[in-house]
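In case you want the letters, here they are:
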Amino acid sequence: MPLNRQQKAYVYAGATILLWSTVASAFKLSLRHLHPLQLLLWADVFSILCLGTVLGFSGRFRLLATYSKNDLMRAAGLGALNPFLYYVILFAAYDLLPAQEAQPLNYTWAITLSLLAIPLLKQPIGARELAAIFISYFGVVIIFTRGDPLAMQFSSGPGVVLALGSTVVWALYWIYSTRDHHDPVAGLFLNFVFALPLILVTCTIFSDPRPASVPGLIGAAYVGVFEMGITFVLWLTALKLTKSTSRISTLIFFSPFLSLVFIHLLVGEMIRVSTVAGLALIVAGSLLQRTSSLKSTH
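Quick notes on the rules
Residues numbered from 1 in each chain as written. Predicted model: local features only at pLDDT ≥ 70, side-chain atom pairs only at ≥ 80, totals over all residues. Heavy atoms only, no water. Salt bridge = Lys/Arg side-chain N within 4 Å of Asp/Glu carboxyl O. Helix = DSSP H or I, 4+ residues; strand = E, 2+ residues; numbered from the N terminus. Buried < 20%, exposed > 50% of the residue type's maximum accessible area, 1.4 Å probe, protein only. Axes fitted to C-alpha atoms, helices over the stretch in contact; angles between N-to-C directions. Parallel < 35°, antiparallel > 145°, perpendicular 65-115°, else oblique. Left-handed = near helix turned anticlockwise from the far one by under 90°. Contact = heavy atoms within 4.5 Å. Nonpolar A, V, L, I, M, F, W, Y, C, P; charged D, E, K, R; others polar. 1 Å grid on protein atoms, 1.4 Å probe; cavity = no way out; pocket = protein on both sides within 12 Å on 5 of 7 lines; lining within 4 Å. Points joined across faces, edges and corners; volume = space filled by probe spheres on them. Phe/Tyr/Trp six-rings, centres within 6.5 Å; stacked < 30°, edge-to-face > 60°.

Asks: Can you walk me through the pattern of salt bridges in this structure?
Replies: Applying the stated criterion to the full structure yields three salt bridges. Close ionic contact of arginine 60 with aspartate 183 constitutes a salt bridge, the shortest N to O distance being 2.9 Å. Placement of the pair is arginine 60 in the loop between helix H2 (36-57) and helix H3 (69-96) and aspartate 183 in the loop between helix H7 (157-177) and helix H8 (184-206), with a sequence separation of 123 residues. Each member of the pair, arginine 60 as well as aspartate 183, carries the same accessibility label: buried. Close ionic contact of aspartate 208 with arginine 210 constitutes a salt bridge, the shortest N to O distance being 2.9 Å. Classification of arginine 210 by relative accessible area gives exposed; the value is 62%.

Structure follows, in structure tokens:
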């Protein structure tokens, strides 16, 4: 029996969430073989190939010709934020922290977004949003103190700062990319193309562009295709097919918990109770913030 549109939407969304749930493990495993800048460089290359293939097979390469000089400059600026700055910071955080800490901390980007929306988008903040922020960041404290917030002993202070800093960059990228009315896949492709020279120069100065090992290159290919590339296309397809965006977007909240399972099975980390508790608070805060945002739009 053929699937209807909503069922297809769930299939695409489920595939996206499953793949997203593996990337924290892929980051950590790849960083065993590559410097963070090497991982970023080769992941960017594979992402460009992936997104370029999607554009080619869908007949959308011609859309790139519709970009004006200002559009291209905007795409280059966004590329400096993502993938360049965002993944430089994020991979450095994963290099310093256990995956079970870096992944939930990075997940607070939605809360960071709501904070940045106050000065940048002139959006007011209410009591529910403030409660959501408090709940989520208390979860952050639980995670990086490993369940003993009074001791305030961090596994890696710089790693925590980098993981939280990556959420600022991602939130800025999201805010500014919403002003781009071009095809989102074409826009993302250009972001990654324009970022490549920046990444190459930075990698040449601070590391070595040549991949250190074949396993590392395979890991970079996985990250480039499934974190930076095809999952974005799958998610957009799910959103186009669904009758209810909220039904699909709520499924995202399963991803960080499923990610902990993969981190345990693939990376070999013993998942601490404090990690699960902190992540639950982060997700609860994100859900509260999201429902508050939905109420404000009605």
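Asks: Explanation requested: the packing of helix H5 (residues 109-120) against helix H6 (residues 127-144) in the structure shown.
Replies: Packed helices, taken two at a time, are described by the angle between their axes plus the distance between the axes. Following both chains from N to C, one finds H5 and H6 inclined at 140°, their axes separated by 10 Å at the closest point. Relative to H6, the element H5 is oriented oblique. Every pair of crossing elements has a handedness; the one defined by H5 and H6 is left-handed. Between H5 and H6, the contacting residues are Ile111, Thr112, Ser114 and Leu115 on the first element and Ala132, Ile133, Ser136 and Tyr137 on the second. Residue composition of the contact of H5 with H6, by class: five nonpolar, three polar and no charged.

Asks: Any chance you could explain the layout of surface pockets here in plain terms?
Replies: One water molecule sets the probe size; rolling that probe over the atoms shows where empty space is left. Space inside the second largest pocket adds up to approximately 150 Å³. In this structure, the second largest pocket is lined by Thr22, Ala26, Leu29, Ser30, His33, Pro215, Ile218, Gly219, Tyr222 and Leu266. Broken down by secondary-structure element, the contributors of at least two residues to the lining of the second largest pocket are helix H1 (5-30) and helix H9 (214-227). Of the residues in the lining of the second largest pocket, the class split is six nonpolar, four polar and no charged.

Asks: How should the packing of aromatic side chains be read in this particular structure?
Replies: Geometry of an aromatic ring pair is reported as the spacing of the ring centres plus the angle between the planes. If you walk through the whole model with that rule in mind, you get twelve aromatic pairs. Where tryptophan 20 meets tryptophan 235, the ring centres are 5.5 Å apart and the plane angle is 50°; that geometry is what we call tilted. Note that tryptophan 20 is positioned in helix H1 and tryptophan 235 in helix H10 (residues 230-241), a separation of 215 residues in sequence. A relative accessible area of 25% places tryptophan 20 in the partly exposed class.

Geometry only, nothing functional implied.
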